[in-house]
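Topology and contacts: notes
Listed below, chain by chain, are the residues.
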Amino acid sequence: MPMRLLIMGNPVAKAFAIIGDAWTQLILREAFYGARRFSVWRERLNIPRSVLTDRLKRLVEVGVLDERGVGGGSTRTEYHLSEMGLDLFGVAVIQGQWERRWASSPLQDRYALTFYDRLSDARVEPAVFDHKRGHVVDPRHIGWEARDGLEAIPAPTSRRRRTQPIETDRPMIDRSTDVMGDYWSWGVLAAAFFRLRRFDAIHEALGVATNILADRLNRLVLHGILRKDLYQKTPPRFEYRLTEAGRDLFPMIIAMHGWSERWLCPDGSPLHLIDKRTGQRVTPVVCDAETGVALDPRRMRWEMEDAVTAKS
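Overview of the structure. Just so it is clear, the model here is predicted, and its values are computed rather than measured.

**Observations regarding the packing of helix 3 (residues 22-32) against helix 5 (residues 49-62)**
Between two packed helices, what matters for the description is the angle formed by their axes and the separation of those axes. Packing of helix 3 against helix 5 brings their axes to within 10 Å, and their N-to-C directions diverge by 75°. As judged from the angle between their axes, helix 3 and helix 5 are roughly perpendicular. Every residue of helix 5 that contacts helix 3 at Trp23, Thr24, Ile27 and Leu28 is listed here: Val51, Leu52, Arg55, Leu56 and Leu59. Split into classes, the residues belonging to the contact of helix 3 with helix 5 amount to seven nonpolar, one polar and one charged.

Rendered as structure tokens:
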């Protein structure tokens, strides 16, 4: 199986072609915090009007958001998360967990976002399960199996990139978008998880321009996701290997794989995840670690608590 097909045609690649850029991730975060109107996103994110218009249009087209008139004779429009969009909540939470550990802001150092079930008021501890009411995924035991229909998808058209970090009062998905806020960063990360370590091998698998690849590799090294190891002195050549922070992104990648299988693979997933111990298929979903119930933002409430208290 050509490595290009595995990396550029798997369910995660399909997902990040849609929601992999920083602005889209931040727009979805604000949607989980209740944003519905164009003006609210503009105010909260200071996002350029043209960029916001483009991203909302794309999210409506793929079905993540539903566009609705507010009624009462008004011409204004609201954007509501669809079932497809609501199902991204678990992925966002897992991304937030990674961010808190590896790219926290001063606000996150002081406060933790803690989740509770609205009905039982029980605290919820999010984790990636192999299936609903199953078991927590152990990355060491996850393999893959290529299926029919594995085709490299076209890279998304160029989008305006957010170049300045934003410090907000939202302790979830903020600085992580500086690390992984564009499609090609995710492509490089996928190559690393498929154990591609050398520039030429990564370039061949992704088909990205060499200057873009060099930039993304350097950025991921700078942010501590990859480390750069010299393997040849003359001329100097390097291998790029995942650090502990990079390997710790795996639960989020697995969660995104599960979301993509549910919503972007109507004819069946072209790449299955397999538990290497049992040979059984893994269909990842973010659940409460205690009950195994899938996270549903409509049943969740969250509070900002003192970080020390939240750990106890």
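Once the structure has been displayed, the description carries forward.
**Focus on the pairing of strand 7 (residues 226-232)**
Relative to strand 8 (residues 237-242), strand 7 is paired through six bridges, and the arrangement is antiparallel. Bridging from a neighbouring strand, Asp229 pairs with Glu239 of strand 8. Linking strand 7 to strand 8, which pair antiparallel, is a turn of four residues.

**Quick look at helix 10 (residues 183-193)**
Most of helix 10 is tucked away, with ten of its eleven residues classed as buried. Restricting attention to buried positions, one finds in helix 10 the residues Tyr183, Trp184, Ser185, Trp186, Gly187, Val188, Leu189, Ala190, Ala191 and Ala192. The opening residue of helix 10 is Asp182, an N-cap whose side-chain oxygen sits 3.1 Å from the backbone nitrogen of Trp184. Remark: Arg195 follows helix 10 within two positions and exhibits a positive phi of approximately 70°.

**Brief notes about the sheet that holds strand 9 (residues 271-275)**
With respect to topology, three strands assemble into an open sheet ordered 6-9-10, the strand pairing being antiparallel. A single partner strand is all that each edge strand has here, and the edge strands are strand 6 (142-146) and strand 10 (281-282). In terms of strand pairing, strand 6 meets strand 9 through five bridges, oriented antiparallel. Bridge assignment links Gly143 to a residue of strand 9, and that residue is Ile274.

**Some words on the packing of aromatic side chains**
Tallied over the entire structure, the rule returns ten aromatic pairs. Ring centres of Phe32 and Phe89 lie 5.3 Å apart, and the angle between their planes is 65°; on these two criteria the pair is classed as edge-to-face. Of this pair, Phe32 sits in helix 3 while Phe89 is found in helix 7 (residues 89-102), placing the two residues 57 residues apart along the sequence. Directly above the aromatic system of Phe238 lies the positively charged group of Lys228, at a separation of 4.5 Å from the ring centroid.

**Looking at the sheet that holds strand 3 (residues 111-117)**
The three strands lie next to each other as 4-3-12, forming an open sheet whose pairing is antiparallel. Two strands close off the open sheet at either side, each with one partner strand: strand 4 (123-124) and strand 12 (300-306). Summarising the sheet, strand 3 and strand 4 pair through two bridges and their orientation is antiparallel. Pairing of Tyr116 across the sheet is with Arg123, part of strand 4.

**Quick word on the side chain of Asp117**
Within the fold, Asp117 resides in strand 3. A polar atom in the side chain of Asp117 sits 2.7 Å from the backbone nitrogen of Leu119. Beyond its immediate sequence surroundings of up to four residues, Asp117 is in contact with Ala122, Val124 and Arg299.

Rules and cut-offs
- Residues numbered from 1 in each chain as written.
- Predicted model: local features only at pLDDT ≥ 70, side-chain atom pairs only at ≥ 80, totals over all residues.
- Heavy atoms only, no water.
- Axes fitted to C-alpha atoms, helices over the stretch in contact; angles between N-to-C directions.
- Helix = DSSP H or I, 4+ residues; strand = E, 2+ residues; numbered from the N terminus.
- Parallel < 35°, antiparallel > 145°, perpendicular 65-115°, else oblique.
- Contact = heavy atoms within 4.5 Å.
- Nonpolar A, V, L, I, M, F, W, Y, C, P; charged D, E, K, R; others polar.
- Pairing = 2+ DSSP bridges.
- Buried < 20%, exposed > 50% of the residue type's maximum accessible area, 1.4 Å probe, protein only.
- Polar contact = N/O pair within 3.5 Å; in protein donor to acceptor, adjacent residues only side chain to side chain.
- Phe/Tyr/Trp six-rings, centres within 6.5 Å; stacked < 30°, edge-to-face > 60°.
- Lys NZ or Arg CZ within 6 Å of the ring centre and 35° of its normal.

Limitation: the analysis is restricted to geometry and does not speak to function.
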